[in-house]
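Inside the fold
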Amino acid sequence: MKKLVKSYQISRFDRIESIRYECYPNGQPLVYIHYKSSSERILKIEECDEEINDKFQLNISGKMIDFRYSDQYQCPVACCQPDDKVYVIKSLHDHFLDFFGDSVEYHFEAKYGWKSDYFIIPQLQNISICSIWYYRYGDMKSVENFFAWSPVFKRVYLFHEPHHQTENSFGPKSKLWQTDSIKIDQRNPDAPNVLHCFKGRQAFLRYGSGATFEIVDFVNRWKSGDVSRLEYLQIESNLVVEFSYDPVLNHIGVKQIDPEKTPPTHSVPKIHIEKDNIPNTDPITSHTYVVRQSDGRVASILVQGKKFYFGVWDKTEEEFLEMVE
């Protein structure tokens with residue numbers, strides 16, 4: 001039957017890029033299929049309402065699950081008891097894995113905050129993208145536990161606005177920092193200090209305050225060889241007033257290319273392409289650069305308004321300067 005369905009839906013399946021679990025504060029997720037240019041809601045998961053009688057049962061990965069059709073959401077609804085929530089979601093996810101395999105990506109998204117008593121997401125295989133909007137009423141320990149339970153992600157987007165300083169920290173050994181690509185929107189650059197802990201390849205950060213100390217510390221650690229995997233960093237300040245990165249440049253020992261010459265442009269493929277479908281990182285064309293002491297590799301530095309860019313070249317200083325026109 002699976003082969004028959006696939007053969008009739010081949011053009012549609014070829015357009016599927018990802019399956020996304022979207023969790024709201026009430027802990028009852030929606031499941032979407034994302035195509036290359038659109039999305040479709042295919043399922044809602046909720047606790048059973050015993051007063052609703054128009055349910056039917058299906059065998060999903062060996063578990064009998066009650067379903068009904070929702071006129072409100074225009075899609076099927078999987079019904080379960082509170083204690084069965086984890087098993088139902090795991091069965092549904094196993095079904096998707098059996099049907100689509102690794103031909104699509106699987107995303108998990110928690111919107112409007114996180115509460116440990118709202119919803120427990122089980123350990124699901126092949127989840128590669130994670131987005132969490134975490135607000136004041138969230139439980140930071142629950143978020144940290146989620147990363148501890150999960151495999152290392154390909155991409156994490158985290159928005160949080162902690163209420164107390166004691167809630168702020170992800171430990172330096174958190175699996176969050178092993179993510180290949182992170183996008184973090186937070187008020188304070190030291191809560192947590194992403195630049196000090198991150199061990200991945202691409203970071204897109206937005207702060208509600210200046211981050212002079214954190215950037216200086218990061219660049220100097222990169223120059224000394226303490227930061228090895230990073231290939232691209234973008235920092236944006238949310239400050240309403242103008243913010244100057246001059247103190248950063250004055251404390252990191254930058255070098256300059258002759259202003260009469262044209263420097264090379266740094267840009268790398270994004271690990272995760274967002275809805276704008278832009279495949280590469282923003283180009284960095286700058287006369288300013290730094291050199292890593294351990295292997296002589298170069299990183300271009302560009303300041304544009306409230307943005308700070310840092311792009312690492314797979315080239316020594318000598319090879320880098322040969323590309324200057």
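Residues numbered from 1 in each chain as written. Predicted model: local features only at pLDDT ≥ 70, side-chain atom pairs only at ≥ 80, totals over all residues. Heavy atoms only, no water.

1. Quick look at the overall build of the protein chain
Counting its secondary structure elements, the protein chain contains 8 helices and 18 strands. For the protein chain, buried positions account for 47% of its 325 residues. Put simply, of all contacts in the protein chain between residues at least 6 apart along the chain, 57% involve residues at least 24 apart. Element-wise, carbon and sulfur atoms account for 49% of the exposed surface of the protein chain, whose accessible area totals about 16,600 Å². (Helix = DSSP H or I, 4+ residues; strand = E, 2+ residues; numbered from the N terminus. Buried < 20%, exposed > 50% of the residue type's maximum accessible area, 1.4 Å probe, protein only. Contact = heavy atoms within 4.5 Å. Areas by Shrake-Rupley, 256 points an atom, 1.4 Å probe, with all protein chains shown as cover.)

2. A word on the packing of aromatic side chains
Scanning all chains against the criterion turns up 10 aromatic pairs. Taken together, a centroid distance of 5.2 Å and an interplanar angle of 55° make the contact between Tyr289 and Phe320 tilted. Residue Tyr289 is found in strand S16 (residues 288–291), and its partner Phe320 is found in helix H8 (residues 317–322); the two are separated by 31 residues along the sequence. Exposure remark for Tyr289: the relative accessible area of 4% places this residue in the buried category. Here Phe320 falls in the buried class, since its relative accessible area comes to 0%. Connected via pairs of aromatic rings, a cluster forms that spans Phe13, Phe99 and Phe100. Here Arg20 stacks its cationic end above the ring of Tyr32, 4.8 Å away from the centre of that ring. (Phe/Tyr/Trp six-rings, centres within 6.5 Å; stacked < 30°, edge-to-face > 60°. Lys NZ or Arg CZ within 6 Å of the ring centre and 35° of its normal.)

3. Notes on the pattern of salt bridges
Opposite charge on two side chains permits pairing when their charged atoms draw close. Applying the stated rule across the entire model yields 17 salt bridges. Its salt-bridge partner being Arg20, residue Glu22 comes within 2.3 Å of it at the nearest N-O pair. Comparing Glu22 with Arg20, the two get one shared label, buried. Linking Asp295 and Arg292 is a salt bridge whose minimum nitrogen-to-oxygen distance equals 3.0 Å. Several salt bridges converge on common partners, so that one network encompasses Arg20, Glu22 and Glu109. (Salt bridge = Lys/Arg side-chain N within 4 Å of Asp/Glu carboxyl O.)

4. Details of helix H3 (residues 85–100)
An α-helical segment advances 3.6 residues per turn. Residues three or four places apart therefore align on the same side. Between its terminal C-alpha atoms H3 stretches 22 Å, which fits the 22 Å expected from 16 residues at 1.5 Å a residue. Of the residues trailing H3, Gly101 is marked for its positive phi of about 60°. (Expected span 1.5 Å × (residues − 1).)

5. Section: the layout of surface pockets
Reported here for the largest pocket is a volume of approximately 860 Å³. In terms of lining, the largest pocket is formed by 31 residues, of which the most central are His107, His272, Ile273, Glu274 and Lys275. At the level of elements, strand S1 (16–23), strand S2 (30–35), strand S7 (105–110), strand S8 (127–134) and strand S9 (155–160) are the ones that each hand at least two residues to the lining of the largest pocket. Grouping the constituent residues of the lining of the largest pocket by class yields 8 nonpolar, 9 polar and 14 charged. Lining the second largest pocket we find 18 residues, and of these Ile33, Ile42, His95, Phe96 and Phe100 sit closest to its centre. The set of elements that each furnish at least two residues to the lining of the second largest pocket consists of helix H2 (10–13), strand S3 (39–47), strand S4 (56–60) and H3. It is H3 that contributes the most residues to the lining of the second largest pocket, 5 residues altogether. Each residue belonging to the lining of the second largest pocket can be placed in one class, and the counts come to 14 nonpolar, 2 polar and 2 charged. (1 Å grid on protein atoms, 1.4 Å probe; cavity = no way out; pocket = protein on both sides within 12 Å on 5 of 7 lines; lining within 4 Å. Points joined across faces, edges and corners; volume = space filled by probe spheres on them. Nonpolar A, V, L, I, M, F, W, Y, C, P; charged D, E, K, R; others polar.)

6. Section: the environment of Ala203
Note that Ala203 resides in strand S11 (residues 202–207). Not counting residues within four places of it along the chain, the set of residues in contact with Ala203 comprises Ile182, Phe198, Tyr232, Leu233 and Gln234.

7. Some details on the side chain of Asp185
Checked against the element boundaries, Asp185 lands in strand S10 (residues 181–186). We classify Asp185 as buried; its relative accessible area is 7%. Side chain to side chain, Asp185 and Arg206 meet in a polar contact 2.5 Å long. (Polar contact = N/O pair within 3.5 Å; in protein donor to acceptor, adjacent residues only side chain to side chain.)

8. Considerations on unusual backbone geometry
One non-glycine residue with positive phi stands out, namely Gln74, at about 55°. Its place among the elements puts Gln74 in the loop between strand S5 (63–70) and strand S6 (75–80). Despite not being glycine, Asn126 has its phi angle at roughly 70°, a positive value. Looking at the element boundaries, Asn126 is found in the loop between S7 and S8.

9. Some remarks on the nonpolar core
Judged by nonpolar contacts, the single largest core of 68 residues is most densely connected at Phe100, Phe147, Leu205 and Phe310. Of all the elements, H3 adds the most residues to this core, at 7 residues. Sequence-distant contacts of Phe100, that is, excluding residues within four places in its chain, are made with Phe13, Ile16, Ile19, Ile33 and Tyr106. Among the nonpolar cores identified, the runner-up in size contains 7 residues, and Ile257, Val291, Phe320 and Val324 belong to it. (Core = buried A, V, L, I, M, F, W, Y, C linked by side-chain atoms within 4.5 Å.)

None of the figures reported here should be taken as evidence of function without further support.
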